[in-house]
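# Fold and geometry: a report
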Amino acid sequence: MTTSVKQFGMTINGETVYTKNTLPVINPANEEVIAQVPHADENDLNLAVHAARAAFPSWAALSVEERAQMLEEFADAIEQNSEELARLFTLEMGRPYQGALQEVSGAAKTVKFYAKQRLPREILQDKDTHYVEKYYTPLGVAGLIVPWNFPVSLAVWKVSPALLTGNTVVLKPSPNTPLTTLYLGELAKDIFPKGVFNVITGANELGAWMTEHSGIDKISFTGSTGTGKKVMQGAAINLKRVTLELGGNDAAIVLEDADPKKVAKPLFWAAFLNTAQVCVATKRLYVHEKIYDELLTELVNYAKTVKVGDGMDPETQLGPLQNKTQYEKVKGIIEDTKRSGAKIVLGGEIDESKPGYFIPITIVDNPADDSRVVVEEAFGPILPVLKYHEYDDVIQRANNTIYGLGASVWGEDLALARSIADRLEAGTVWINEAQVLHPKFPFGGHKQSGIGVEHSLEGITEYTNTKVVMIRKNK
Ligand code: NAD
């Protein structure tokens, strides 16, 4: 498969726009620069926001069926271009090609799913003196800010409900993974009216300018908790609506009746899928003392069979970390773990002689609860396995975090698992699986993992105003 990348422009007002300054895109598997992309300044942002504002009234005036029809066409375009999108995805993000292809196809299905959703018009009262109706109106221009770990699906999670409900959009990918998003802009340009779907690329400051821009009415942001706080501050300027999907430090609790042979493999993937760069990855694995040793052995044995490498190699199951900052952060956590004296039972040694942001699968045996590897969201392939002997205690330890995105419970006794799930402070709790998401189910974080939800009708309403019309009857 070729690794050449054509030159991409931004999509502003239905035109392809280039900038004098550019940003390099790096392939994390070999650290080579694979492309240069536009580096937007504030003027470019103003052009995109102006185009989106100008397009808003006529876009909002279309029927939802007309807008949904264009979303269907957009989904078809993604599907028809899925191989090229997946190739760019692997090159810029590092994820193995088959996984990238699955994500792109999943994204097309997600757009189709949204195209079929309709927010209800509800008659709240129709008797005596009043007729009262509730419905939803679009907000205006939605600024959509996406991270680098799932650049295609996280973009369409935002674009689809925003456009369906009649907003126009300015979409900004992470500077680390701009290519797939620029490509989405190219596809959208031939489908949506001018100015409805704008894509701009630039450095992190572009995100900050968006949050403060008076021409943007809503920010939907996915990224780290630290940046989410800045987004909320910036959005306060004109009281923008915000949806924040932020970091997580998901606990998985394995009950004493779980079968280590059965759960080791799904637990491994719950923790390490996409080289653990998943907001809802299992980042702390609590195992009952009765099965702790056996499960740890099973987990390590399975991990040894998993191939880490360049995502373009069909044998590869886990790619590199996506960027140098992330690589350095995970390296720091590994060093800290070693310094603390905790036992690393797999991995932990980084081969720095070769290019690429590769970190081996690393498993830590029962580190202290207050160690960095337990407290921080590593967002990389290092998993602390922690021993517990009492359910009340493990629930308290699992909840002892600023995060509340996801969690999971594993075992045969479903009633016990359910009672534990009900006590975990997280937006989604899975039993005997993890990381399963569907656009029909609301997804969002408790505590500092976010504000609001994406998906489901509840998530779609986040791109709308609730409006009530009250008619006094002539009686
Ligand atoms: P990040 O916060 O560094 O960046 C996310 C996006 O924000 C990027 O597009 C970036 O350019 C932009 N940005 C940077 N500074 C900004 C600012 N001051 N104002 C506005 N935008 C700004 O996050 P990341 O490193 O790209 O992604 C990893 C993080 O994302 C992890 O914490 C992960 O858990 C989280 N995440 C959460 C979810 C979820 O749904 N909850 C999903 C995926 C990733």
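Here we summarise the structure given alongside this text.

### Concerning the side chain of Thr362
Mapped onto the fold, Thr362 is located in strand β15 (residues 362-365). Only 2.8 Å separates the side chain of Thr362 from the backbone oxygen of Pro360, close enough to count as a polar contact. Setting aside chain neighbours within four positions, we find Thr362 in contact with Phe272, Ile334, Ile344, Leu346, Gly347, Gly348, Pro381, Ile382 and Leu383.

### What to know about the site of the ligand
In the neighbourhood of the ligand, 30 residues make up the surrounding shell, with Val146, Asn204, Ser224, Leu246 and Glu377 lying closest. For the ligand, an oxygen atom lies 2.8 Å from a polar atom in the side chain of Lys172. Leu246 places a main-chain nitrogen or oxygen 2.7 Å from a nitrogen atom of the ligand. In the complex, the protein chains occlude 91% of the 850 Å² of accessible area that the ligand would expose alone. Among the detected pockets, the ligand sits in the largest pocket. Of all the secondary structure elements, the ones that give two or more residues to the shell around the ligand are α7 (204-212), β10 (218-222) and α8 (225-235). In terms of residues, the shell around the ligand owes the most to one element, α7, which gives 4 residues.

### A few points about the sheet that holds strand β18 (residues 428-431)
Taken in spatial order, the 7 strands make up an open sheet running β14-β15-β16-β13-β12-β17-β18, and their pairing is mixed. Both edges of this open sheet fall to β14 (343-346) and β18, since each of them pairs with a single strand only. Taken pair by pair, the neighbouring strands of this sheet meet at an average axis angle of 25°, ignoring direction. Relative to strand β13 (residues 282-288), strand β12 (residues 250-254) runs parallel, the two sharing 5 bridges. Counted as the bridge partner of Ile253 is Tyr286 from β13. Contacts between helix α14 (residues 414-423) and the sheet are confined to β12, β17 (406-410) and β18, with β18 contributing the most and set at about 165° to the helix.

Reading the values: rules and limits
Residues numbered from 1 in each chain as written. Predicted model: local features only at pLDDT ≥ 70, side-chain atom pairs only at ≥ 80, totals over all residues. Heavy atoms only, no water. Helix = DSSP H or I, 4+ residues; strand = E, 2+ residues; numbered from the N terminus. Polar contact = N/O pair within 3.5 Å; in protein donor to acceptor, adjacent residues only side chain to side chain. Contact = heavy atoms within 4.5 Å. Near = heavy atom within 4 Å. Areas by Shrake-Rupley, 256 points an atom, 1.4 Å probe, with all protein chains shown as cover. 1 Å grid on protein atoms, 1.4 Å probe; cavity = no way out; pocket = protein on both sides within 12 Å on 5 of 7 lines; lining within 4 Å. Sits in = over half its atoms within 2 Å of the grid points. Pairing = 2+ DSSP bridges. Axes fitted to C-alpha atoms, helices over the stretch in contact; angles between N-to-C directions.

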